[in-house]
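# Architecture at a glance
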Amino acid sequence: MNLTLKIWRQAGPSVIGKMETYKVSDISPDMSFLEMMDVLNDQLIRDGKDPVAFDHDCREGICGMCSMYINGQAHGPNRGTTTCQLHMRSFKDGDTIYIEPWRAAAFPVIKDLSVDRSSFDRIIQAGGYVSVNTSGNTQDANAIPVPKENADKAFDAATCIGCGACVATCTNSSAMLFVSAKVSQLALLPQGDPERELRVLRMVEQMDKEGFGNCSNTGACEVECPKGISLENIARMNREYLRASVTSE
Amino acid sequence: MGATGLFLCLFLVGHLAGNLQLFIGGAEGQLQFNEYAKFMTTNPAVKILSYLTYFSILFHTVDGILLAVENRKARPVKYAYNKPSANSSWASRNMAVLGTLVLAFIVVHMSNFWAQMHWGEIPVQISGPDGTLDEPLKDLHTVVLGFFNPAENSLALAAALLYAFAMVAIAFHLWHGFQSAWQSLGVNHPRYTPLIKGAGKAFSVVIPALFAIIPLYLYFTQAA
């Protein structure tokens, strides 16, 4: 396959970037999108040029590192996949592909396609944890009864890999799907109960502080989420927030 | 936004019920509509509701503007190539634009009738179908009919079309807004959400359509 790539190049956080055009040839349809990027970078290095910076780690769809806004969609055209799970067979020979970083004030560009997602870390630090007994006689987790349905829902919420596709695709750059998944996975379980009110209040406060936009329920996040995190989580967080606002001191 | 939005949906139903009386022709229709208009401007319970409605419109507008400004700020650099239609409806992404159109219509509409009823010099109805009235009524019915009558208002056609167009904007606003309000309030349930979404779609088509028919009906029946 021969492709034309239009890629956002930005040398650093405070430098003005722009779209640049590159050509790659002899790309195998069986390559992953990131392998195609590796081929491009190999070519750039051989030409003595600066390779394109992009985030990646596990390359098996579980770490949440790979980002990239490909042809106007987070992680490219396929549903329920990350960029490393996107293969070049999803494109046609001769295609022009636009590749941009996640766009959000809360995700500043570090370089090229690599953005700083530490705002997510700070939201987790604000309340995405549970108290555990560290006295040495830790209770057996199975000793606490959890309804199967709640366990399943908590697990579904916990599959969020924190990639930020929800923010990238949201017309408001809202982080509600991410934060609601992190609130839900703990709010649904008895282990999360001690910090239940403070957690949602603090995480939402931190989310707003980071400069994410507001949720207007367009539902784009749910569609683009590689892990299929449901909008039900956002409704649950809204309930949790309402409850905590009324009941907490 | 959700709570005030849903309250304004209730208001739409009440407003529509009042407007549908314009389909009653002749002297009975005139008397009933004017008595209704008097009731709506003097009854204490209605007054409380109307203040709640003014508050809701103002809150919904101000909060909407604040949220829209924050949302614009949240993405300072736009995508060179974006394909939002792949994952969300047009209405859901344009609530601020649609809301602005609706607000502009509310201002025009209130200056056309509401301000006339309260402070305008409007005709007075002194006799009904059963003879002279005990107390004369402000004749809002004649004002409304005249507004959409090409013989009395040279802009009647433009007014009827503007009113109908505004209902299209409201329809799109409701298409997303009705179900979105429930989600914002935390109501998302496997059993009820499909019902809410279905009801929202029906509401967003039927209510604005019925509203829109009235000015068109008044124009075309009087133009003929």
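Within every chain, residues take consecutive numbers counted from 1 along the sequence as written. Here chains are named by letter from A upward and ligands by number from 1 upward, in the order in which they appear as written. Whole-chain, interface and lining totals are the exception, using all residues; otherwise, since this is a predicted model, local features are given only for residues with pLDDT of at least 70 and side-chain atom pairs are given and counted only at 80 or more. Excluded from the side-chain calculations are hydrogens and water; all other atoms, namely the structure's heavy atoms, are used.

### Some thoughts on the interface of chain B and chain A
Any two residues having at least one pair of non-hydrogen atoms within 4.5 Å are treated as being in contact. Counting residues at the interface gives 26 residues for chain B and 37 residues for chain A. Buried area between chain B and chain A, summed over both chains or domains, comes out near 2,500 Å², and the portion from carbon and sulfur atoms is 48%. The largest share of the area that chain B buries against chain A comes from Tyr79, Tyr81 and Asn87 of chain B, three residues that together contribute 24% of it. N or O atoms closer than or at 3.5 Å make up a polar contact, with two conditions inside protein: a donor-capable atom paired with an acceptor-capable one, and, for residues adjacent in sequence, both atoms drawn from side chains. Inspection of the chain B/chain A interface yields 26 residue pairs in polar contact (both at pLDDT 80 or more). Only runs of H or I of at least four residues qualify as helices and only runs of E of at least two qualify as strands under DSSP, and these elements are numbered from the N terminus. When contributions to the side of chain B that touches chain A are tallied by element, the ones reaching two or more residues are helix H3 (44–73), helix H4 (90–93) and helix H7 (156–184) of chain B. Among the residues making up the side of chain B that touches chain A, the classes are represented as nine nonpolar, 11 polar and six charged. Computed with a 1.4 Å rolling probe, the buried area is the accessible surface lost when two parts are put together, summed over both parts. Under the convention adopted here, Pro, Cys and the residues Ala, Val, Leu, Ile, Met, Phe, Trp and Tyr are nonpolar, Asp, Glu, Lys and Arg are charged, and Gly plus all remaining residues are polar.

### Topic: the packing of aromatic side chains
Residues and elements named next belong to chain A. Stacked, tilted and edge-to-face pairs are distinguished by plane angle, under 30 degrees for stacked and over 60 for edge-to-face with tilted covering the rest, among Phe, Tyr and Trp rings (Trp via its six-membered ring) whose centres lie within 6.5 Å. One pass over the full model with this rule turns up 24 aromatic pairs over all chains. Between the aromatic rings of Phe107 and Phe120, the centroid separation amounts to 5.2 Å while the plane-to-plane angle is 75°, which identifies the pairing as edge-to-face. Here Phe107 is found in the loop between strand E5 (96–100) and strand E6 (109–111), whereas its partner Phe120 is found in helix H2 (residues 118–127), with 13 residues between them in sequence. For the pair Phe107 and Phe120, one class covers both residues: buried. With a 1.4 Å probe rolled over the protein chains alone, any residue whose accessible area is under 20% of its type maximum counts as buried; one over 50% counts as exposed, and the rest are partly exposed.

### Describing helix H5 (residues 95–119) of chain B
All names here are of chain B. In the structure, H5 departs most strongly from a straight axis at Met110, where the bend amounts to approximately 45°. Residues Met95, Leu98, Val102, Phe105, His109, Asn112, Phe113, Ala115 and Met117 constitute the buried set of H5. Close packing links the buried residues of H5 with helix H1 (2–19), helix H2 (26–42), H4, strand E2 (131–138), helix H6 (140–147) and H7. Note on bend: at a given residue it equals the angle between the axes fitted to the 7 residues ending there and to the 7 starting there.

### Quick notes on the domain arrangement of chain A
Residue and element names in this part refer to chain A. What marks off one domain from the next here is an automatic or database domain assignment. Here chain A is partitioned into domain 1 (3–111) and domain 2 (118–247). In this structure, domain 1 and domain 2 have C-alpha centres spaced 29 Å apart. With 19 residues of domain 1 at the contact, the number on the domain 2 side is 19 residues. Between domain 1 and domain 2, roughly 1,400 Å² of surface is buried when both sides are summed, and carbon and sulfur atoms account for 55% of that area. Interface area lost by domain 1 to domain 2 is led by Arg79, Ala106 and Phe107, which between them contribute 31%. The term salt bridge refers to a side-chain nitrogen of Lys or Arg lying within 4 Å of a carboxyl oxygen of Asp or Glu. For the pair domain 1 and domain 2, the interface holds one salt bridge. Residues that form the side of domain 1 that touches domain 2 fall into these classes: nine nonpolar, eight polar and two charged.

### As for the environment of Val124 of chain B
Among the secondary structure elements, Val124 of chain B is positioned in strand E1 (residues 124–128). Apart from the residues within four sequence positions on either side, Val124 of chain B is in contact with Pro136, Leu137 and Asp139 of chain B.

### Considerations on the side chain of Asp95 of chain A
Residue and element names in this part refer to chain A. Note that Asp95 resides in the loop between strand E4 (73–74) and E5. Just so you know, the count uses Lys and Arg for positive and Asp and Glu for negative, and it drops His and the chain ends. Buried and without a salt bridge, Asp95 has Lys92 as its closest oppositely charged side chain, separated by 4.3 Å. Of the polar contacts made by the side chain of Asp95, one reaches the backbone nitrogen of Lys92; its length is 2.8 Å. When near neighbours in sequence (up to four residues on either side) are disregarded, Asp95 contacts Asn2, Leu3 and Thr4.

### Points about the sheet that holds E5 of chain A
All names here are of chain A. Only strands that DSSP links by at least two bridges are regarded as paired with each other. Spatially, E2-E1-E5-E3-E4 is the arrangement adopted by the five strands of the open sheet, whose pairing is mixed. This sheet does not close on itself; its edge strands, each paired only once, are strand E2 (18–24) and E4. For strand E3 (residues 69–70) and E5, the ladder comprises two bridges, and the chain directions are antiparallel. Looking at E5, one finds that Tyr69 is bridged to Glu100.

### Structural notes on the nonpolar core
Side-chain atoms within 4.5 Å are what join buried Ala, Val, Leu, Ile, Met, Phe, Trp, Tyr and Cys residues into a set we call a nonpolar core. Counting 39 residues, the largest nonpolar core has Val179 and Phe212 of chain A as its most contacted members. Sort the elements by how many residues they give to this core and helix H5 (residues 176–187) of chain A lands first, with seven residues. Counting contributing residues, this core receives three or more from each of domain 1 (3–111) and domain 2 (118–247) of chain A. If sequence neighbours within four positions are ignored, Val179 of chain A has contacts with Ile123, Met203, Met207 and Met237 of chain A. Of all hydrophobic cores here, the second largest spans 37 residues; its members include Tyr163, Leu174, Phe178 and Tyr219 of chain B.

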